[in-house]
Amino acid sequence: MAQHFLLSREAKTLSLVAVMRMSDAEAEQRFRGLRWADTNGEPVCPECGCVEAYEMRRPSGLLRFECKACKKGYTLTSGTLFASHKLPLRMYLAAIAVFCNEVKGKSMLALSRDLGVSYKCAFVLAHKLREAMAEEMRGRRLGGEGKIAEIDGAYFGGYVKPANYKDERIDRRLRKNQSGKRQCVVIVRERGGNSVPGVFKSEGAALSWIKNRIEKETIVHADDSKAWNELHTRFEMKRVNHEVAYSDNGACTNQAESFFSRLRRGEQGHHHHIAGQYLLRYAQEAAWREDNRRVSNGEQVFRVAHLALTRGPSVDFGGYWQRHKAA
């Protein structure tokens, strides 16, 4: 029997011990290389793009740069997801390592304990890492001539607790007895390729989104849900009735189901509850983990760090707790 990838030496190329043993100078050098890879770590002004800068440090030891052209000051994390950071850079690298080492998700309460920070800090940091992962899915289109894509949907949230006594219980399958908070996660997954998730009120509401995400001439595999019938006019479809079989005449959605298995286990085993407004972020995280399940943990860590350092500040979580306090 072949060894599982996660048990192999190739899967473990970076340890948390190695990250925590880094000096501040080593962590700075690593972040410089990740953010300014095109200039071999030499700073580039985020305002004017000038590659010439003065290096200086604050009394606290924070490394700062001053652009020789526009005289603007900036740091290693200015204009990134880690802008205005308060933790040492080594702690951010350790946070990414802890986050990526979990194959089904990381509890933010556990992350706060691992890093010795408040739950609020861990909550915002984890969501910023999910934003970084989602950058790879921005505008992604899957499939193409001769390629296969699987689609499926599953419902999350809106749980209605049954009454204590049997004669007081209601049929929770009826719309009038539901909470209205249930949402459908739809996944499009290319075989041998990448995935892209979306969140909708129902499977049928995702049709236009699916058409925009899948290239023409793609062979699409789906279950026998009536919601997918309209896709026959655009794609070659192969359908399987899961009440009869998991696969039928080559048609199956096992890879889409694998994504849902990861997301469900992350919800039940780590998070226990996912608020509806954040469901897409968790779905994007699960899709990223599923797509990179055969990538070493070291490469995962540095990819997430690079994504976080090459996109702008978070719109959703920059100053998150301050906004909620003011409200």
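What counts, and where the lines are drawn
Residues numbered from 1 in each chain as written. Predicted model: local features only at pLDDT ≥ 70, side-chain atom pairs only at ≥ 80, totals over all residues. Heavy atoms only, no water. Axes fitted to C-alpha atoms, helices over the stretch in contact; angles between N-to-C directions. Helix = DSSP H or I, 4+ residues; strand = E, 2+ residues; numbered from the N terminus. Parallel < 35°, antiparallel > 145°, perpendicular 65-115°, else oblique. Left-handed = near helix turned anticlockwise from the far one by under 90°. Contact = heavy atoms within 4.5 Å. Nonpolar A, V, L, I, M, F, W, Y, C, P; charged D, E, K, R; others polar. Pairing = 2+ DSSP bridges. UniProt positions renumbered as here; feature names shortened; annotations may be inferred. Buried < 20%, exposed > 50% of the residue type's maximum accessible area, 1.4 Å probe, protein only. Phe/Tyr/Trp six-rings, centres within 6.5 Å; stacked < 30°, edge-to-face > 60°. Lys NZ or Arg CZ within 6 Å of the ring centre and 35° of its normal.

### Describing the packing of helix α5 (residues 119–134) against helix α8 (residues 279–291)
Thought 1: Viewed as axis vectors pointing N to C, α5 and α8 meet at an angle of 60°, and their least axial separation amounts to 9 Å. Overall, the two elements α5 and α8 adopt an arrangement that is oblique. In the packing of α5 onto α8, the handedness of the crossing is left-handed. Contacts between α5 and α8 pair His127, Arg130, Glu131, Met133 and Ala134 from the former with Arg281, Tyr282, Gln284, Glu285 and Trp288 from the latter.
Thought 2: Its residues assigned to classes, the contact of α5 with α8 comprises four nonpolar, two polar and four charged.

### A word on the sheet that holds strand β5 (residues 183–190)
Thought 1: Ordered in space as β6-β5-β4-β7-β8, the five strands form an open sheet in which the pairing is mixed. Whereas interior strands pair on both sides, the edge strands pair on one side only; in this sheet they are β6 (195–200) and β8 (236–240). Adjacent strand axes in the sheet meet at a mean angle of 25°, parallel and antiparallel pairs treated alike.
Thought 2: Where strand β7 (residues 219–223) lies against β8, five bridges are found, and the strand directions are parallel. Looking at β8, one finds that His221 is bridged to Lys238.
Thought 3: Along the sheet face, helix α7 (residues 254–271) touches β4 (148–156), β5 and β6 and points at about 30° away from the line of β4.

### A word on the UniProt feature "domain: ISXO2-like transposase" (unreviewed entry) in the chain
Thought 1: Mapped onto this structure's residue numbering, the UniProt feature "domain: ISXO2-like transposase" (unreviewed entry) falls at residues 141–291.
Thought 2: Overall, residues 141–291 shows 25% helix and 25% strand. The separation of its end C-alpha atoms is 14 Å.

### A short note on unusual backbone geometry
Thought 1: Notably, Lys71 is not glycine yet its phi reads approximately 65°, a positive angle.
Thought 2: By the element assignment, Lys71 lies in the loop between β2 (63–67) and β3 (73–75).
Thought 3: Judged by its relative accessible area of 49%, Lys71 is partly exposed.
Thought 4: Phi angles above zero are rare outside glycine, and Glu217 is one such case at about 70°.
Thought 5: With respect to the secondary-structure elements, Glu217 resides in the loop between α6 (207–213) and β7.
Thought 6: Of the residues examined, Glu217 reaches a relative accessible area of 52% and is grouped as exposed.

### Observations concerning the sheet that holds β3
Thought 1: Reading across the sheet, the three strands line up as β1-β2-β3 and stay open at both edges, with antiparallel pairing between neighbours. The open sheet has two edge strands, β1 (53–57) and β3, and neither has a second partner. On average, each strand axis in the sheet is tilted by 35° relative to the strand beside it, whichever way the strands run.

### Considerations on the packing of aromatic side chains
Thought 1: One pass over the full model with this rule turns up ten aromatic pairs.
Thought 2: Arranged with centres 4.9 Å apart and planes meeting at 45°, the rings of Phe82 and Tyr92 form a pair that is tilted. Of this pair, Phe82 sits in the loop between β3 and α3 (89–101) while Tyr92 sits in helix α3, and the two are ten residues apart along the sequence.
Thought 3: Using a relative accessible area of 9% as the deciding quantity, one classes Tyr92 as buried.
Thought 4: Aromatic ring contacts, followed pair by pair, group Tyr119, Phe123, Tyr278 and Phe317 into a single cluster.
Thought 5: Between the NZ or CZ atom of Arg30 and the centre of the ring of Phe302, over which it lies, the distance is 4.1 Å.
Thought 6: Above the plane of the ring of Tyr155 lies Arg182, whose end atom (NZ or CZ) is 4.2 Å from the centre.

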